[in-house]
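Take a look at the letters that make up each chain.
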Amino acid sequence: MNGAEITQVFDYLLMVMLLAISIAVIRLQNLFAVVVLTGAYSLIAAAWFVSLSAADVAITEAAVGAGISTVLLLAAMLLTSREAKPTSAFRHWSALVVMTAAGAAVFYALGDLPVYGSADTPANTGVGMDYITRTPEEINIPNVVTAVLASYRGFDTMGEVFVVFAAGVGVALLLNLSGRGRREEGGE
Amino acid sequence: MTFSAFVDILVALILTIAMALMLTRLFLGPTLYDRVLAVNAFGTKIVLFLAVFSLAVGRGDGLDIALLYALINFVATIAILKFFSYRSLEVALHDSEPRTARKDAEGR
């Protein structure tokens, strides 16, 4: 058994856990359990990204998914009730139809994807190879993805940072994360 | 396959089983504190899994991410518990004076 086969075994184990968590998130009524389970989901997803050797995506997923969004979901939960109302299984039948169609389309498209880890994919032969050969000379750092994000597409990343910052400020104001308004209402 | 690589993979598999057990406690856990404890232990299992996995596969970058996870896991646990005791993140942790006592002091 070589390295690629070992990582694939762990990929499948992690994916089974992701599936179990997704089903539990749908089925559970206790909202706190759902918030904690989404945090655990992000941790497993990030471990999976490490196994797919996407270390930078794993760091982002851990920081955003397990760190910030757990806190944001908790803050949102404090504004509502702690329990979800039970809904009947066939109430959202239109969503089920849309999801089944989308899933069938994805499975249809799977046949055209290149083999896992194949060297002659479009990503590995076209502009990707160009970045890989040029990064050591031009940027001189070992991680090609960081070079692409922070240098070759620096303005694009800066725009993303602006958007994420604006969204974060908006959410923080909506959720009243500081709790100051509530305290003044209660005190006077 | 060398013996140490075999042990690495065996330990990673055992850690995966431990993660599954923590998940069942997360699914079933009757009280809030069961779930907080389970998710904290689950994060620790993920950190250990990443360290063993990066050893088994021979990639060093897993160790850096394992360190980052340990930090995030700690911060997330503190945040969850703080939210449930104070309903806000702006309270300093050393401000452990009970809320009712402070209200009495203001009333006087």
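Report follows, based on the coordinates.

### Section: the side chain of T70(A)
Relative to the assigned elements, T70(A) resides in helix α3 (residues 55–79). Ignoring sequence-local partners within four residues, the contact set of T70(A) consists of V35(A), G39(A), G65(A) and I80(B).

### With respect to the interface of chain A and chain B
Each partner contributes residues to the interface: chain A has 43 residues there, and chain B has 37 residues. Approximately 3600 Å² of surface area, both sides summed, lies buried where chain A meets chain B, with 81% of it carried by carbon and sulfur atoms. Together, F10(A), F32(A) and L43(A) form the three largest contributors to the area buried by chain A at its contact with chain B, with a combined 17%. Across the contact surface, chain A and chain B share zero salt bridges. Inspection of the chain A/chain B interface yields zero residue pairs in polar contact (both at pLDDT 80 or more). Those elements giving two or more residues to the side of chain A that touches chain B turn out to be α1 (3–27), α2 (31–51), α3 and α9 (180–187) of chain A. The element that contributes the greatest number of residues to the side of chain A that touches chain B is α3(A), accounting for 13 residues. Tallied by class, the residues present in the side of chain A that touches chain B amount to 32 nonpolar, seven polar and four charged.

### Some words on the packing of α2(A) against α3(A)
Residues and elements named next belong to chain A. In the contact formed by α2 and α3, the axes pass within 8 Å of each other and the chain directions differ by 175°. The orientation of α2 relative to α3 falls into the category roughly antiparallel. Between α2 and α3, the contacting residues are L31, F32, V35, T38, G39, S42, L43, A45, A46, F49 and V50 on the first element and V57, A58, E61, A62, G65, A66, T70, L73, L74 and M77 on the second. Here the residues of the contact of α2 with α3 are counted per class, giving 15 nonpolar, five polar and one charged.

### Remarks on α3(A)
The first and last C-alpha atoms of α3(A) sit 35 Å apart over 25 residues, in line with the 36 Å expected at 1.5 Å per residue. Maximal helix bending in α3(A) amounts to about 35°, located at S69(A). Of the positions making up α3(A), those classed as buried are A55(A), A58(A), A62(A), G65(A), A66(A), G67(A), T70(A), V71(A), L74(A), A75(A), M77(A) and L78(A). In this fold, the buried residues of α3(A) make contact with α2 and α8 (154–175) of chain A together with α3 (61–86) of chain B.

Thresholds, definitions, all that
Residues numbered from 1 in each chain as written. Chains lettered and ligands numbered in written order. Predicted model: local features only at pLDDT ≥ 70, side-chain atom pairs only at ≥ 80, totals over all residues. Heavy atoms only, no water. Helix = DSSP H or I, 4+ residues; strand = E, 2+ residues; numbered from the N terminus. Contact = heavy atoms within 4.5 Å. Buried area = accessible area lost by both parts, 1.4 Å probe. Salt bridge = Lys/Arg side-chain N within 4 Å of Asp/Glu carboxyl O. Polar contact = N/O pair within 3.5 Å; in protein donor to acceptor, adjacent residues only side chain to side chain. Nonpolar A, V, L, I, M, F, W, Y, C, P; charged D, E, K, R; others polar. Axes fitted to C-alpha atoms, helices over the stretch in contact; angles between N-to-C directions. Parallel < 35°, antiparallel > 145°, perpendicular 65-115°, else oblique. Expected span 1.5 Å × (residues − 1). Bend = angle between axes of the 7 residues up to and from the residue. Buried < 20%, exposed > 50% of the residue type's maximum accessible area, 1.4 Å probe, protein only.

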